[in-house]
Amino acid sequence: LCFQLPALLLDGVTLVISPLISLMKDQVDSLRARGLPATFLNSSISGSELSQRMQEIAIGKWRLVYVAPERFRDQRFLDLFEKAHPKLIAIDEAHCISQWGHDFRPDYVKLKRPVRQWESVPVIALTATATSVVKQDIIENLKLKSPKIFTGSYYRDNLHISVLKKEAIRTGVLDLLKSIDEPAIVYVGTRKNTIQFAR
């Protein structure tokens, strides 16, 4: 909502930088199901599909365009958006600029380049996991000038975290899954254990 609503109110394209293909696809599918003009550019599409979508961006077909931070290595992409001139740049999962980003996605750290290149374009950086140090890192790395910072509560009443002893994990998780009617995520230490556990 923080960037999708402004994107639909602005006259032009909003560029959404997101780290995960599945996250992009999920959001774009959801927007398209509502009849809203959104697309993504990532490695899951063919070269011909990428070229077609870039042509469609150039003629203003899409209001929201989701991209991975690595896309900014592509000069053709940079040239396209130089002409399309985005009206808003939204950086999702912005904590990657600070924590983990240097290892997980080094291109997040390089996002200051497009932010500086399109200096007149408003930037919104969003994260649900920013400590005060991470917030400061984001501001400094992106060279944001007098940003407005909005912080909500970290409490999520729909999230519950439990840690189980290794010996009790299988029965503990099975008991948990039987006791709830909602989806659950189970983290297991290794891929091998995950496969065994799933059986």
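For the structure, see preceding data.
From a predicted model like this one, the values you see are computed outputs, not experimental measurements. (Residues numbered from 1 in each chain as written. Predicted model: local features only at pLDDT ≥ 70, side-chain atom pairs only at ≥ 80, totals over all residues. Heavy atoms only, no water.)

K.L.:
Is there a simple way to think about the packing of aromatic side chains in this case?
P.N.:
Note on aromatic pairs: each is described by the distance of the centres and the angle between the planes. According to the stated counting rule, one finds five aromatic pairs in the structure shown. With a centroid separation of 6.4 Å and 55 degrees between ring planes, the pair formed by Phe 81 and Trp 118 is classed as tilted. Of this pair, Phe 81 sits in helix α4 (residues 75-84) while Trp 118 sits in the loop between α7 (112-117) and β5 (123-125), and the two are 37 residues apart along the sequence. Here Trp 118 falls in the buried class, since its relative accessible area comes to 2%. An aromatic cluster is defined as three or more aromatic residues linked by ring pairs; in this entry it consists of Phe 72, Phe 77, Phe 81 and Trp 118. The ring of Phe 40 carries Arg 53 above its face, with NZ or CZ at 4.8 Å from the centroid. (Phe/Tyr/Trp six-rings, centres within 6.5 Å; stacked < 30°, edge-to-face > 60°. Helix = DSSP H or I, 4+ residues; strand = E, 2+ residues; numbered from the N terminus. Buried < 20%, exposed > 50% of the residue type's maximum accessible area, 1.4 Å probe, protein only. Lys NZ or Arg CZ within 6 Å of the ring centre and 35° of its normal.)

K.L.:
Hey, could you run me through the pattern of salt bridges in this one?
P.N.:
Any two side chains of opposite charge can pair, given that their charged atoms come close. According to the stated counting rule, one finds six salt bridges in the structure shown. Salt-bridge contacts for Asp 74 lead to Arg 71; the nearest nitrogen and oxygen are separated by 3.9 Å. A residue is classified by how much of its surface remains accessible, and Asp 74, at 22% relative accessible area, is partly exposed. The shortest N-O distance in the salt bridge between Lys 145 and Glu 119 comes to 3.2 Å. Of this pair, Lys 145 sits in the loop between α8 (132-142) and α9 (169-179) while Glu 119 sits in the loop between α7 and β5, and the two are 26 residues apart along the sequence. Just as Lys 145 is exposed, Glu 119 falls in that class too. (Salt bridge = Lys/Arg side-chain N within 4 Å of Asp/Glu carboxyl O.)

K.L.:
Teacher, can you tell me more about the pairing of strand β1 (residues 14-17) here?
P.N.:
A regular strand places its side chains on the two faces of the sheet in alternate fashion. Burial along β1 is two-sided: the face carrying Thr 14 and Val 16 and the face carrying Leu 15 and Ile 17 are both buried. Alignment of β1 against strand β3 (residues 64-67), held across four bridges, turns out to be parallel. Bridge pairing in β3 links Val 16 to Tyr 66. Bridge analysis of β1 against strand β4 (residues 88-91) gives four bridges, and the strand direction is parallel. Residue pairing in the sheet places Leu 15 in a bridge with Ile 89 of β4. (Pairing = 2+ DSSP bridges.)

These results come straight from atomic positions and should not be treated as a statement about function.
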